[in-house]
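# Structural overview for review
Here's the letter readout for the chains.
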Amino acid sequence: MSISQLARSISESVTLKLNETAALLREKGEPVIHLGGGEPKSRAPIDAIVSCTAVLNTGEIRYTPPDGIPALKKAIIRYTEEHYRKLVSPDNVIASNGAKQAIMVALYAILEPKDEVVFPAPYWVSYPEMVKLAGGVPVPVTPEDGSFHPRIEEIAEAVGPYTKAIIINSPNNPSGVMYSRDFIAEVVQFCEKKNIWLIMDDTYNRLVFDGKTPVNCYEFVTQPLDSSKLILINCVSKMYAMTGFRIGWAVGNREVIRAMINIQSQQTSGPSAPAQWAAVGALNGVQSSIESLRMTLENNRNVMIERLRAIDGVKVVKPDGTFYCFPDFSAYMRDSNKLANLLLEKVRVVTVPGKEFGMEGHLRLSFCGTVKEITEGIERIQWALDPKAPNELYLGTRKLVRDWL
Ligand SMILES: Cc1ncc(COP(=O)(O)O)c(C=O)c1O
């Protein structure tokens, strides 16, 4: 079949594949524990639901401007002022179908064929594929010291004449670490000096633990907004537990935003109108759901880290935010695909292989589920791997005896 070269270069989502397998197993009544998820389990804020149903009840659901309804852009402007102390105008804002589309149209707007985009590993699985879709070449940079903290020298080394942009995601999916203020300052200054684009993906910046505060990239920008090449990305997906609504946005100079709007207008038109109204409700409404989600996640993180540290040989960095951690299981198995499959097959725990995020030997584990799922999931992983764990384990009513170590 004549499937395009571009389509053939885009890999299948391993996460979705694992979800499929897990759903099939669940259908058969298997007691699957999902530690691979990428969304909070709490409910969307009531203000989002009220605002969304109000527009649905009119029965008049129409196209919206391609860059979003004015009420949503206004809410995003207010959000940017409150959380970044940055005044922006409607011309500096585009609302998209999730942070994902905002990043995608940004890449379409800035990349020439074969332009390179540099980002530190571990990275969000979609960056390499999105860069390829936009005709660019992904250039991941793995910190030499094996840490999750990139150094500006390593980033600078990867930047060459074809580099068009750098993508930074902090707090980071999958490691959960938040990059230091110094690093963010350095990367902003570096991009200004080199005149390259900087896409700051702040998707998780409200879900930060231990009293830490997210770093505001605008503090280090020296250029006026409309000459700056910084594009800030955010969304309602994670902080308000509104992944299914598909609303995200970008803030940037008016020229790039204009180009992104043109692309989006041909690609999908404006995001779904009820979803935009839901986002307006969430952004303008009572904000307590974010803090309540943040506190739940911090507690879940503590439980997960404590349990993981009890497994012999597993190295884990305590996440500063998000709802992921990225432990190193290489003492047991370096091939993370094999390991994830083994855990699903033997103990019915879904994890995501580190290879997908650019780091072998690791697994991404989510702590956005319940404490029970976390404790039982990690107990099963420990049982599957750690020779010191007891020999027997109950999966529901089924007794397992370890026989593969
Ligand atoms: C780092 C990062 N950026 C962007 C997104 C996409 O967010 P959205 O669901 O709003 O498209 C995700 C979702 O998992 C993410 O982890």
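Residues numbered from 1 in each chain as written. Predicted model: local features only at pLDDT ≥ 70, side-chain atom pairs only at ≥ 80, totals over all residues. Heavy atoms only, no water.

Our next topic: the overall build of the chain. On a plain count of helices and strands, the chain comes out with 13 helices and 14 strands. Counting only C-alpha atoms and orienting by the principal axes, one finds that the chain spans roughly 65 × 55 × 55 Å. Of all 405 residues assigned to the chain, the portion counted as buried reaches 55%. Excluding contacts between residues fewer than 6 apart, the proportion of contacts in the chain whose partners are at least 24 apart in sequence is 73%. Summed over all atoms, the accessible surface of the chain reaches about 17900 Å², with 52% contributed by carbon and sulfur. Taken as two groups, the 45 positive and 45 negative side-chain charges of the chain have centres that lie 3 Å from each other. (Helix = DSSP H or I, 4+ residues; strand = E, 2+ residues; numbered from the N terminus. Buried < 20%, exposed > 50% of the residue type's maximum accessible area, 1.4 Å probe, protein only. Contact = heavy atoms within 4.5 Å. Areas by Shrake-Rupley, 256 points an atom, 1.4 Å probe, with all protein chains shown as cover. Lys, Arg positive; Asp, Glu negative; His and termini not counted. Charge placed at Lys NZ, Arg CZ, Asp CG, Glu CD.)

Bringing the pattern of salt bridges into the picture now. Inspection of the entire model under this criterion finds 20 salt bridges. Across the pair Arg348 and Glu30 runs a salt bridge, and its minimum N-O distance is 3.0 Å. Here Arg348 is found in the loop between helix H12 (336–347) and strand S10 (349–350), whereas its partner Glu30 is found in the loop between helix H2 (14–27) and strand S1 (33–34), with 318 residues between them in sequence. A residue is classified by how much of its surface remains accessible, and Glu30, at 18% relative accessible area, is buried. Linking Glu154 and Arg151 is a salt bridge whose minimum nitrogen-to-oxygen distance equals 3.8 Å. You can call Glu154 buried: its relative accessible area is 11%. Assessed through its relative accessible area of 40%, Arg151 is described here as partly exposed. Three or more residues are tied together by salt bridges with common partners; here these are Glu30, Arg348 and Arg398. (Salt bridge = Lys/Arg side-chain N within 4 Å of Asp/Glu carboxyl O.)

Once that is clear, we can look at the side chain of Asn216. As for its placement among the helices and strands, Asn216 is situated in the loop between strand S6 (197–201) and strand S7 (230–235). For Asn216, a relative accessible area of 6% gives the class buried. Engagement of the side chain of Asn216 in a polar contact is seen with the backbone oxygen of Tyr84, the distance being 2.9 Å. Setting aside residues up to four positions removed in sequence, Asn216 forms contacts with His83, Tyr84 and Arg85. (Polar contact = N/O pair within 3.5 Å; in protein donor to acceptor, adjacent residues only side chain to side chain.)

The next thing to look at is the packing of aromatic side chains. Two descriptors summarise a pair of aromatic rings, namely the distance from one centre to the other and the angle between the planes of the rings. Enumeration according to the criterion identifies twelve aromatic pairs in this entry. Pairing Tyr79 with Trp249 gives two aromatic rings, centres 5.6 Å apart and planes at 75 degrees, and the pair type is edge-to-face. Here Tyr79 is found in helix H4 (residues 70–84), whereas its partner Trp249 is found in strand S8 (residues 248–251), with 170 residues between them in sequence. For the pair formed by Tyr79 and Trp249, the shared burial category is buried. An aromatic cluster is present here, built from Phe119, Tyr123, Trp124 and Tyr127 joined pairwise through their rings. (Phe/Tyr/Trp six-rings, centres within 6.5 Å; stacked < 30°, edge-to-face > 60°.)

So, on to the packing of H4 against helix H10 (residues 273–284). The contact between H4 and H10 brings their axes to 9 Å, and the two run at 30 degrees. In terms of axis orientation, H4 runs roughly parallel to H10. For the pair H4 and H10, the sense of crossing is left-handed. Touching Ala71, Leu72, Ala75, Ile76, Arg78 and Tyr79 of H4 are Gln276, Trp277, Ala279, Val280, Leu283 and Asn284, all from H10. Classifying every residue of the contact of H4 with H10 gives nine nonpolar, two polar and one charged. (Axes fitted to C-alpha atoms, helices over the stretch in contact; angles between N-to-C directions. Parallel < 35°, antiparallel > 145°, perpendicular 65-115°, else oblique. Left-handed = near helix turned anticlockwise from the far one by under 90°. Nonpolar A, V, L, I, M, F, W, Y, C, P; charged D, E, K, R; others polar.)

Strands sit in the order S2-S8-S7-S6-S5-S3-S4 across an open sheet of seven strands; the sheet is mixed. Across the chains shown, the open sheet's two edge strands, defined by having one partner strand only, are strand S2 (93–96) and strand S4 (137–141). Across the sheet, the mean angle separating the axes of adjacent strands is 20 degrees when strand polarity is ignored. Strand direction decides the pairing type here: strand S5 (residues 163–169) and S6, joined by five bridges, are parallel. Opposite Ile168, over in S6, you have Met200 as the bridge partner. (Pairing = 2+ DSSP bridges.)

Here strand S12 (residues 363–366) shows a buried face lined by Leu363 and Leu365 and a second buried face lined by Arg364 and Ser366. Of the strand pairs in this sheet, strand S9 (residues 324–325) and S12 are connected by two bridges, and their pairing is antiparallel. Along S12, the bridge assignment pairs Tyr324 with Ser366.

Let's shift gears to the site of the ligand. Near the ligand you find 14 residues, and of these Asn173, Asp201, Tyr204, Ser237 and Lys238 are the closest. Within the side chain of Thr203, an N or O atom sits 3.5 Å from a nitrogen atom of the ligand. At a separation of 2.7 Å, an oxygen atom of the ligand approaches a polar side-chain atom of Lys238. Contact with the protein chains removes 92% of the 400 Å² of surface that the ligand exposes when unbound. Looking at the shell around the ligand, the element that brings in the most residues is helix H5 (residues 98–110), giving three residues. Split by residue class, the shell around the ligand holds five nonpolar, five polar and four charged. (Near = heavy atom within 4 Å.)

Since the α-helix advances by 3.6 residues per turn, residues separated by three or four positions end up pointing in the same direction. Given a rise of 1.5 Å per residue, twelve residues ought to cover 16 Å, and the 17 Å separating the end C-alpha atoms of H10 matches this to within 8%. Buried within H10 are the following residues: Ala273, Pro274, Ala275, Gln276, Ala278, Ala279, Val280, Gly281, Ala282 and Leu283. Residues of H10 that are buried sit in contact with helix H3 (46–58), H4 and S8. (Expected span 1.5 Å × (residues − 1).)

These figures capture arrangement, not role.
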